[in-house]
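Take a look at the letters that make up each chain.
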Amino acid sequence: MTARASCHQRRRPTRDSAGPALGVDIGKVIADEDAVEGISLLTEYWELTPFTAGAVEALSQLNTDGGFAGQVHLISKAGPKVQQRTRDWLQLSGFHDTTQIPADRLHFVRDHHEKAPVARRLGVTHFVDDRIAVLTHMDFARVRFLFSLRTPPQIPEWATHVRTWSELMRHLTEVLSVSRGDDGGVVAGDDGGLPGGV
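Residues numbered from 1 in each chain as written. Predicted model: local features only at pLDDT ≥ 70, side-chain atom pairs only at ≥ 80, totals over all residues. Heavy atoms only, no water.

The next thing to look at is the overall build of the protein chain. Regarding its fold elements, the protein chain presents seven helices and six strands. Beginning at the N terminus, the succession of helices and strands in the protein chain can be written as α-β-α-β-α-α-β-α-β-α-β-β-α. For the protein chain, the proportion of its 198 residues judged to be buried stands at 50%. A sequence separation of at least 24 residues applies to 62% of the contacts in the protein chain between residues at least 6 apart. If you sum the accessible surface of the protein chain, you get close to 9600 Å²; carbon and sulfur atoms cover 47% of it. (Helix = DSSP H or I, 4+ residues; strand = E, 2+ residues; numbered from the N terminus. Buried < 20%, exposed > 50% of the residue type's maximum accessible area, 1.4 Å probe, protein only. Contact = heavy atoms within 4.5 Å. Areas by Shrake-Rupley, 256 points an atom, 1.4 Å probe, with all protein chains shown as cover.)

Right, dumping it as structure tokens:
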């Protein structure tokens, strides 16, 4: 596994001194754990877990010319075993090389409510998760995205519901363009960016 040295050397963002920073959950957001029954990072067949359609391509764009300038962080709740599986899965798939998101942008917590303090410390301004309960604690983020194929019975007014990565990219392009005062941005397609997902 390799990553560009420049990515490793970037200073960690803070809300006062840095630009936008994106925080993204892994399970059911980057990893499609509902695609095939019995295959996920939680099972013995973890290596076969596919990427959610469009995730790799979108993250690659967001991390380079998509508005987050090397400040894309993966923040996931996992125990020691699943943490190691996730690290191995990302490495074996070539995720870090493809997206240019280095391994030191991968952060684990042991409980869902612990994501918020980590995201705050990293200066995250936009966060994507599949759980409203997690997003509730992210009140410091400018924009909170609920990533879910299913529409919840109730969606808080502060949350933006998206079903796909292409939909998420359209929203991110819009909000980043507004904050910059221009029409810049990039919209990703639905191709995951890696053959066969893993």
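Looking now at the pattern of salt bridges. What the rule picks out here adds up to four salt bridges. The shortest N-O distance in the salt bridge between D104 and R105 comes to 3.2 Å. Notably, a salt bridge pairs D139 with R120, separated by 3.9 Å at the nearest N-O pair. Of this pair, D139 sits in the loop between helix 6 (132–136) and strand 5 (143–147) while R120 sits in helix 5 (residues 115–121), and the two are 19 residues apart along the sequence. Because the salt bridges share partners, they merge into one network encompassing D25, K115 and D129. (Salt bridge = Lys/Arg side-chain N within 4 Å of Asp/Glu carboxyl O.)

Time to look at helix 3 (residues 80–93). Here helix 3 spans 20 Å end to end across 14 residues, near enough to the 20 Å set by a 1.5 Å rise per residue. Within helix 3, burial applies to V82, Q83, R85, T86, W89, L90 and S93. All buried residues of helix 3 lie within an arc of 165° about the axis, which places them on one face of the element. Exposed and oriented more than 90 degrees from the buried face of helix 3 are P80, K81 and L92. Where helix 3 is buried, its residues contact strand 2 (72–77), helix 4 (95–99) and strand 3 (106–109). Two residues or fewer after helix 3 comes G94, characterised by a positive phi angle close to 80°. (Expected span 1.5 Å × (residues − 1). Arc of directions from axis to C-beta.)

Before going further, it helps to examine a positive patch on the surface. Judged by side-chain charge, K28, K77, R110, R131 and R150 come together as a positively charged surface patch. By secondary structure assignment, the location of R150 is in the loop between strand 5 and strand 6 (159–162). (Patch = residues over 30% accessible without salt bridge, like charges linked within 9 Å, V, L, I, M, F, W, Y side chains within 5 Å. Lys, Arg positive; Asp, Glu negative; His and termini not counted. Charge placed at Lys NZ, Arg CZ, Asp CG, Glu CD.)

Note that K115 resides in helix 5. The class for K115 is buried, based on a relative accessible area of 1%. Polar contacts involving the side chain of K115 include one to the side chain of D129, which spans 2.8 Å. Excluding residues that lie within four positions of it along the chain, K115 makes contacts with D25, I75, S76, K77, V109, F127, D129, V134 and M138. (Polar contact = N/O pair within 3.5 Å; in protein donor to acceptor, adjacent residues only side chain to side chain.)

Attention now goes to the environment of V128. Tracing the backbone through its elements, the reader meets V128 in strand 4 (residues 126–129). The exposure class of V128 is buried, given its relative accessible area of 0%. Remark: the alpha-carbon pair of V128 and L168, spanning 40 residues in sequence, is separated by 9.0 Å.

What follows is about the side chain of T99. Assignment of secondary structure puts T99 in helix 4. By relative accessible area, T99 is classed as buried at 0%. The residues touching T99, leaving out its near neighbours within four places in the chain, are V56, L59, S60 and N63.

What is shown is where atoms sit, not what they do.
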